[in-house]
Amino acid sequence: MAADLLSTKMESSMHITTKTVGDDRIRRAKENDEDIAVLSTFLPEALDDAKSTRHFECALGYRCLLGDPRKALAGTKKMEYKTRQWHEKCFCCCVCKSAIGTKSFIPREQEIYCATCYEEKFATRCVKCNKIITSGGVTYKNEPWHRECFTCTNCNTSLAGQRFTSRDEKPYCADCFGELFAKRCTSCTKPITGIGGTRFISFEDRHWHNDCFICASCKTSLVGRGFITDADDIICPECAKQKLM
């Protein structure tokens, strides 16, 4: 049998690509238990020392494209991969049925796929744009996103590597979340987001940032202290006494 092609696994550990090598390289690959596929030619029986044509049976079985899975005519080619063999024409993608030939292919659960069909069927797709994620990516709520697709629901700023929060299962940057949903500080009127551990004080229907919770008169912090309400203001007990005097 005259062997002329050997395929080897790429670094991606998914695609199998082909290149022309000699018999010695194929022999070494088999001895080293490499993941190889060999395309070879059926020799006339008189020249075939191994008599391999007697044991050939196309892996497609009754689905053999030549109509006879044991057909082994001299001069035609066959593909060997792991423990199975195919006619060259039968070694095709299980989805689009195109012959693999010397193109790259991906084996999966006893089936052979061309690279295009494998990606269409099994590749991870971004939940936003539905395109294949070839590298990197972000996972949010167990769903995959391109980094550039994972953006704030309101302003479309990228959230990859940034602090963010969510509302109704949708992600928002800190600024948009504060502007749209957060309580506002009674003193400075800026949002109280709570992102990053921001602490705040609530009293009745009013809210303050920790740093804004100060006496309206002497400006000392009232966090952890007693205070008195004076109309819309809050004041410390000392200032309240001064006002009563």
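Rules used in this analysis
- Residues numbered from 1 in each chain as written.
- Predicted model: local features only at pLDDT ≥ 70, side-chain atom pairs only at ≥ 80, totals over all residues.
- Heavy atoms only, no water.
- Helix = DSSP H or I, 4+ residues; strand = E, 2+ residues; numbered from the N terminus.
- Core = buried A, V, L, I, M, F, W, Y, C linked by side-chain atoms within 4.5 Å.
- Buried < 20%, exposed > 50% of the residue type's maximum accessible area, 1.4 Å probe, protein only.

- As recorded in an unreviewed UniProt entry, the chain goes by Four and a half LIM domains protein 2-like and comes from Frankliniella occidentalis.

So, unusual backbone geometry
Then step 1. Positive phi outside glycine occurs at Lys97, with the angle close to 65 degrees.
Then step 2. Positive phi is not limited to glycine here, since Asp168 has a value of about 55 degrees.
Then step 3. Following the sequence through the fold, Asp168 ends up in the loop between β10 (164-167) and β11 (170-173).

Some points on the nonpolar core
Then step 1. In this structure, Cys58, Trp86, Phe91, Ile100, Phe105 and Ile112 are the most contacted members of the largest nonpolar core, which totals 18 residues.
Then step 2. Elements with a minimum of two residues in this core: β3 (37-41), β4 (77-81) and β7 (111-114).
Then step 3. If you look at the next biggest cluster of nonpolar residues, it comprises 14 residues, including Cys126, Ile133, Val138 and Phe150.

Some words on the environment of Phe42
Then step 1. Of note, Phe42 is situated in the loop between β3 and β4.
Then step 2. A relative accessible area of 2% means that Phe42 is categorised as buried.
Then step 3. Placed 35 residues apart in sequence, Phe42 and Lys77 show a C-alpha to C-alpha distance of 5.9 Å.

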